[in-house]
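Observations on the model geometry
Listed below are the residues making up each chain.
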Amino acid sequence: MIMDKINQDKYVALDDLMTILSSSESTVRRDLDELESEGKLHRVHGGAELFPSLQEELSNQEKSIKNSQVKMEIAKKACDYICDNDVIFIDAGTTTEFLIDNLGQKHITVATNSIHHASKLVERNIKTIIIGGFVKYTTDASIGNVALEHIRKMNFDKAFLGMNGIDESYLTTPDMEEAVIKEAIIMNAKKSYVLVDASKIGHVSFAKVAPLDKVEIITEKTSSALIRKMKEKTEVIEV
């Protein structure tokens, strides 16, 4: 029943499984752990998901229902690193979107490659620069040569990015064009922060973005051995 549900929806919440199976939390957790040990699913905070392929990418709508409370806490922590008068870049994505709701600094300028983010920033009367280019439907991100050239002409005090996968060496994402955009953002920022929940730790996507030591990671607390290895190469901030 667990695999039927996860094959249908690609993700299943622990609470939903407890209701469907009329089982306790400890029983469902043991079942999920066993299925993960058999390589049938990937355990994430609050549930489980199918192992994604290297090029698979959920839409923003699908991502928005996953780990929203954790994403909010990560975004709140990220706001601590923004100062008055900063020029910052906010990457397209559901985790970075929570950052916008928590911005309270004075006289900041925000560049973004998300039309959705830009709209929210303007509503809050925040000085906003929107990156042009071809808009990718699933992620709402401007990509392509126009976006790349636009970003390359700017410098940022800080950049805040989402990422599909992080291992002990590299940041990765499924789309090659989006990887180039993210790399350019990192290269043109004095300091870059990658905001990810624990489900992205250890996952590897198709396209490499940048080495781990080019950014700092803001994520949730976990006992993952991989986190300890990552801390040998870069700053990992856990919330």
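Criteria and cut-off values
Residues numbered from 1 in each chain as written. Predicted model: local features only at pLDDT ≥ 70, side-chain atom pairs only at ≥ 80, totals over all residues. Heavy atoms only, no water. Buried < 20%, exposed > 50% of the residue type's maximum accessible area, 1.4 Å probe, protein only. Helix = DSSP H or I, 4+ residues; strand = E, 2+ residues; numbered from the N terminus. Arc of directions from axis to C-beta. Contact = heavy atoms within 4.5 Å. UniProt positions renumbered as here; feature names shortened; annotations may be inferred. Salt bridge = Lys/Arg side-chain N within 4 Å of Asp/Glu carboxyl O. Patch = residues over 30% accessible without salt bridge, like charges linked within 9 Å, V, L, I, M, F, W, Y side chains within 5 Å. Areas by Shrake-Rupley, 256 points an atom, 1.4 Å probe, with all protein chains shown as cover.

As for helix α7 (residues 115-123)
- Residues of α7 that are buried: His117, Ala118, Lys120 and Leu121. Projected onto a plane normal to the axis of α7, the buried residues spread over an arc of 165° and lie on a single side. Looking at α7, the residues exposed on the side facing more than 90 degrees away from the buried face are Val122 and Glu123.
- Lining the buried residues of α7 we find β4 (87-90), α6 (94-101), β5 (109-112) and β6 (127-130).
- Note on α7: the residue one or two positions beyond its end, Asn125, has a positive phi of about 60°.

Looking at the UniProt feature "domain: HTH deoR-type" (unreviewed entry) in the protein chain
- UniProt annotation of "domain: HTH deoR-type" (unreviewed entry) refers to residues 1-50 when read in the numbering used here.
- Between the C-alpha atoms that bound residues 1-50 there is a distance of 14 Å. The span itself is 58% helix and 18% strand.

Side note on the pattern of salt bridges
- Tallied over the full model, the rule gives 17 salt bridges.
- Residue Lys5 is joined to Asp9 by a salt bridge in which the shortest nitrogen-to-oxygen separation is 3.0 Å. Taken together, the positions of Lys5 and Asp9, both in helix α1 (residues 2-9) and 4 residues apart, correspond to about one turn of that helix.
- Glu149 is the partner of Arg152 in a salt bridge, and the nearest nitrogen-oxygen pair spans 3.3 Å. Highlighted residues: Arg152 and Glu149, both in helix α8 (residues 145-152), separated by 3 residues, approximately one helical turn.

Overview of a nonpolar patch on the surface
- Residues Ile115, Ile130 and Val135 make up a contiguous nonpolar surface patch of about 220 Å² in total accessible area.
- The topology assignment puts Ile130 in strand β6.
- Ile130 gets classed as partly exposed once you look at its relative accessible area, which sits at 38%.

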